[in-house]
Amino acid sequence: MSKIKQRKELMQKVLEKWNQTDITHYRLSKETGIAAVSLPRYKSGKNLPTLTTVNILYEFFYGKPASVLNNLEMHEIRREIKSIQKRVKMLSERLNVCEEVN
C-alpha cells in the first residue's frame, strides 16, 4: 500500500471518530499541538496531513498509535516530535527572557 493511500485511510478513520464528537479545532489544536489553521483544511479534505500529523490525530481519538506504521516510520515520527519539542523549549526560553526584560 502506498504511503499516500495509507495516510488517506488513517485520516478517514480519524474523521469518522472526530465527526462523532463536539471537539473544536481550537481544542484539538491545544491538545495535540497541531496548528489550528490547518485542522479545518484536514477536516474538509482540502489538505492531507503528514504521516506524523495523521498519527498524532489517530492517537488522540483512538488512544493508541496507528498499527499500520512500521518501525522506521515510528522512528521518524519520534525524531520529528523531539525536534518540535526542542524548538518549543527554545521559543519558551526566549519568551521568558523577553518577559523579564519588560
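Anything mentioned here points back to the structure above.
What counts and how
- Residues numbered from 1 in each chain as written.
- Predicted model: local features only at pLDDT ≥ 70, side-chain atom pairs only at ≥ 80, totals over all residues.
- Heavy atoms only, no water.
- Helix = DSSP H or I, 4+ residues; strand = E, 2+ residues; numbered from the N terminus.
- Contact = heavy atoms within 4.5 Å.
- Areas by Shrake-Rupley, 256 points an atom, 1.4 Å probe, with all protein chains shown as cover.
- Phe/Tyr/Trp six-rings, centres within 6.5 Å; stacked < 30°, edge-to-face > 60°.
- 1 Å grid on protein atoms, 1.4 Å probe; cavity = no way out; pocket = protein on both sides within 12 Å on 5 of 7 lines; lining within 4 Å.
- Points joined across faces, edges and corners; volume = space filled by probe spheres on them.
- Nonpolar A, V, L, I, M, F, W, Y, C, P; charged D, E, K, R; others polar.
- Salt bridge = Lys/Arg side-chain N within 4 Å of Asp/Glu carboxyl O.
- Buried < 20%, exposed > 50% of the residue type's maximum accessible area, 1.4 Å probe, protein only.
- Expected span 1.5 Å × (residues − 1).

Colleague: Outline the overall build of the protein chain, supporting the account with residue identities and numerical values.
Modeller: Helix and strand content of the protein chain: five helices and zero strands. Ordered by position from N to C terminus, the α and β elements of the protein chain give α-α-α-α-α. Taking contacts inside the protein chain between residues at least 6 apart in sequence as the whole, the part at least 24 apart equals 57%. Split by element, the accessible area of the protein chain, about 7400 Å² in all, is 52% carbon and sulfur.

Colleague: Could you give an account of the packing of aromatic side chains, with specific residues and numbers?
Modeller: Applying the stated criterion across every chain, the model contains three aromatic pairs. A connected cluster of aromatic rings, assembled from ring pairs, spans Trp18, Phe60 and Phe61.

Colleague: Tell me what's going on with the layout of surface pockets, and back it up with residues and numbers.
Modeller: As a volume, the largest pocket reaches approximately 260 Å³. Considering the residues around the largest pocket, the lining is formed by 13 residues, among which Gly33, Ile34, Thr53, Ile56 and Ile84 are closest to the centre. Of all the elements in the fold, those that place two or more residues in the lining of the largest pocket are helix H4 (51-62) and helix H5 (71-101). Of the residues belonging to the lining of the largest pocket, the class tally is six nonpolar, six polar and one charged.

Colleague: Now, about the pattern of salt bridges: what can you tell me, with residues and values included?
Modeller: Under the criterion given, the structure shown has one salt bridge. Salt-bridge contacts for Arg27 lead to Glu31; the nearest nitrogen and oxygen are separated by 2.7 Å. Pair noted here: Arg27 and Glu31 are both in helix H2 (residues 25-32), with a separation of four residues, about one helical turn. Overall, the relative accessible area of 47% leaves Glu31 in the partly exposed class.

Colleague: Describe H4, and please don't skip the residues or the numbers.
Modeller: Over its 12 residues, H4 runs 16 Å from end to end, which matches the ideal 16 Å to within 8%, given 1.5 Å per residue. Along H4, the residues classified as buried are Leu51, Thr52, Thr53, Val54, Asn55, Leu57, Tyr58 and Phe61. Positive phi appears at Gly63, one or two residues downstream of H4, with a value of about 75°.

No statement about biological role is implied by the geometric values presented.
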